[in-house]
Amino acid sequence: MEIDKAIRESDDRRLKTKYNNAINVIQRTLALYSIEEVAFSFNGGKDSTVLLHLLRAGYFLHKGEQSCSNGSLTFPIRTIYFESNSAFPEINSFTYDTASKYVLQLDIIRSDFKSGLEALLNAKPIRAIFLGVRIGDPTAVGQEQFSPSSPGWPPFMRVNPILDWSYRDVWAFILTCKVQYCSLYDQGYTSIGSIHDTVPNALLCDSDSSNNQEKFKPAYMLSDGRLERAGRVKKVSPSICGTAVANVMDNVDSHKSSLLKASAIAVGDEILFGTIEDQLGPSLCKKLHSIGWSVSQIAVLQNDIDSVAEEVERQKASHDMVFVYGGVGPLHSDVTLAGVAKAFGVRLAPDEEFEEYLRQLIGDHCTGDRNEMALLPEGTTELLHHDKLLLPLIKCQNVIILTATNVTELDKEWNCLIELLRSGGLSLMEPYTSKSLTTNLSDLEAAQPLSKLCLEFPDLHIGCYRKSRQGPLIISFEGKDQARIEAAIESLFKKFHRGAFSEVV
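What follows concerns the packing of aromatic side chains. All chains considered together, the criterion is met by 15 aromatic pairs. Ring geometry for F496 and F501: centres 5.8 Å apart, planes at 70 degrees, overall edge-to-face. Judged by its relative accessible area of 24%, F496 falls in the partly exposed class. Three or more aromatic residues joined by ring pairs form one cluster here, namely W171, Y181, Y185 and Y220. Note that K316 overlies the ring of F344, its terminal NZ or CZ placed 4.6 Å from the centroid.

Structure, rendered in structure tokens:
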């Protein structure tokens, strides 16, 4: 079989792994269902082209060499093609040429997807359908390699052999196996929908063209797979920065007169064991106060998925923003992302965009599977990009996951986040201002007057503490209005006498 032979002779270890895993899914399916009970949905695109040849290889590997005679191969799996008036002519031509070349049993459906599929399943004993769905596709959310059809749809098993394949994997397979693909991909199209919503990817525009006519490089020359869908025409969306922080800020302008509340969650047994001291929490509190945010709590959790999930779920419901740090990475103790995913009720799934960052960062120096390292909460994750960060910040609605392990790294991530907020056109909250006094008054002498002062100035945070049991009492005032702080201090002086207090410089 030429496909299997091409992969076996390839030096691309990652492609071999992806191929073997996909073939395993196909063979499992063919073992569970008879050939009459399976079908393949083909749309002429690159993903379904890859799947067609994987199915050809998987079928013949499943049946054994006796299925091949004199190099003439037959492909008995029923193929479904939904023909549309809005499809590119090149897609239709490629589909019919492919069907003829590989003698596909083509069922052409010209009605809408759901009703056409329902009619086909009523007429044929189909129980499982192979799909070329990949993580990152709009329809991929919630799907596994084997996923029953959604409620309200005809009952069948969705089989997704290339669910965890990236853009790079798809083109590596096509070029390694030298299989034909739709000609649109040689014209700069990287993701093909309908004639109404698809244009060539501008990132492949050939600027060296000698004439005024636009020319585009082939799709396989797109170096950044994260931008595969850049050629899909859609309504103008907010800027990356605006999108990245919209949920986090929750319409800051309407909250200028109130407080935005944040919390922090540190994940790490080493903090609870006393092995290391949490330095990120106090630093994060200072940074949040500097932009006018109130911090209600810092929780320190053990390396346990359920503990992280419960705390994230609780805090994200009662805070405008939740920061989580520690426990991020590929180690057995790195449970933060799994806990966040569980808090949102979703699974961890390979994120092609994040995987592309990892590929560019570590290249071939990784002995493990980068795909496993790129698992993020599915359907809720947004990556916040900044030129100064090797990896983007991870945001799941109002939860931001930091990868910093020390204060220096936190400073860098924080500065980038603030830049994103400002460049997105959103104003930050008024920063807190503070003032502190010291006094030799006893706690008993100060207690009642300070309680009354708190009632007089509910918009201020008035705190008391001592650095040592015998040291002076320090009274701190924090708020957004310096005039209110001065008024509170003046009121305190009137309750005692001005000489009882000294200002902390």
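Let us now look at the nonpolar core. Ranked by internal contacts, the top residues of the largest apolar core, which has 54 residues, are F40, L54, F130, W165 and F173. Core analysis: the next-biggest nonpolar cluster, separate from the first, contains 28 residues, L288, M321, I400 and A404 among them.

On to a nonpolar patch on the surface, then. A contiguous nonpolar surface patch, about 370 Å² in accessible area, is contributed by L272, F273, I298 and V300. When you line up the elements, F273 lands in the loop between α8 (269-272) and α9 (280-290).

Counted by the stated rule, this structure contains 23 salt bridges. A salt bridge links K18 to D164; the shortest N-O distance between them is 3.4 Å. A residue pair is termed long-range when its members are at least 10 positions apart, and K18 in helix α2 (residues 13-32) and D164 in the loop between β6 (157-159) and α6 (167-177) qualify at 146 residues. Here K18 falls in the buried class, since its relative accessible area comes to 2%.

Moving on, we get to the packing of helix α15 (residues 443-456) against helix α16 (residues 482-495). In contact at an axis separation of 10 Å, α15 and α16 are set at 150 degrees when each is read in the N-to-C sense. Here α15 and α16 pass one another in a crossing that is right-handed. Here α15 contributes P449, L450, K452, L453 and E456 to the contact with α16, which in turn contributes R484, A488, S491, L492 and K495. Residue composition of the contact of α15 with α16, by class: five nonpolar, one polar and four charged.

The subject of this paragraph is the sheet that holds strand β14 (residues 399-402). Across the sheet, which stays open at both edges, the six strands sit in the order β8-β7-β9-β14-β13-β12 with mixed pairing between neighbours. Bordering the open sheet on either side are β8 (293-301) and β12 (381-384), each of which pairs with just one other strand. Across the sheet, the mean angle separating the axes of adjacent strands is 25 degrees when strand polarity is ignored. Bridge count for strand β7 (residues 260-267) against β8 is eight bridges, and the pairing is parallel. Paired with A264 across the bridge in β8 is I298. Its contacts with the sheet put α9 on β7, β8 and β9 (321-325), and the angle it makes with β8 is roughly 165 degrees.

The rules behind each value
- Residue numbers run consecutively from 1 along every chain, following the written order of its sequence.
- Per-residue local features are limited, in this predicted model, to residues with pLDDT of at least 70; the limit for side-chain atom pairs, both in listing and counting, is 80 or more; totals at the level of whole chains, interfaces and linings are taken over all residues.
- Only hydrogens and water are set aside; all other atoms, that is, all heavy atoms of the structure, feed into the side-chain values.
- Pairs were defined over the aromatic rings of Phe, Tyr and Trp, the Trp ring being its six-membered one, requiring ring centres within 6.5 Å. Orientation was assigned from the angle between planes: stacked under 30 degrees, edge-to-face over 60, tilted for the rest.
- Type-normalised accessible area, obtained with a 1.4 Å probe on protein chains alone, sets the label of each residue: buried when under 20%, exposed when over 50%, and partly exposed for intermediate values.
- We call a charge positioned over a ring when the NZ of a Lys or the CZ of an Arg lies within 6 Å of the ring centre and within 35 degrees of the ring normal.
- Each nonpolar core is a collection of buried residues, namely Ala, Val, Leu, Ile, Met, Phe, Trp, Tyr and Cys, held together in the definition by side-chain atoms within 4.5 Å.
- Two distance rules govern patches: like charges are joined within 9 Å, and nonpolar side chains (Val, Leu, Ile, Met, Phe, Trp, Tyr) within 5 Å, applied only to residues with over 30% relative accessible area and no salt bridge.
- Each accessible area value is a Shrake-Rupley result obtained with a 1.4 Å probe; residue values ignore everything except the protein chains displayed when judging cover.
- Salt bridges are defined by distance alone: a side-chain nitrogen of Lys or Arg within 4 Å of a carboxyl oxygen of Asp or Glu.
- Segments assigned H or I by DSSP are reported as helices when at least four residues long, segments assigned E as strands when at least two residues long, and all are numbered from the N terminus.
- Angles shown run from 0 to 180 degrees and are taken between the N-to-C directions of axes, each axis being a line fitted to C-alpha atoms and, for helices, limited to the stretch in contact.
- Helix crossings fall into two classes, left-handed where the near helix is turned counterclockwise from the far one by less than a right angle and right-handed where it is turned clockwise.
- The contact criterion used is simple: two residues touch if any of their non-hydrogen atoms lie within 4.5 Å.
- Residues were grouped as follows: Ala, Val, Leu, Ile, Met, Phe, Trp, Tyr, Cys and Pro as nonpolar; Asp, Glu, Lys and Arg as charged; and all remaining residues, including Gly, as polar.
- Pairs of strands are assigned from DSSP output, requiring at least two bridges between the strands.

This is a description of form; function is not addressed.
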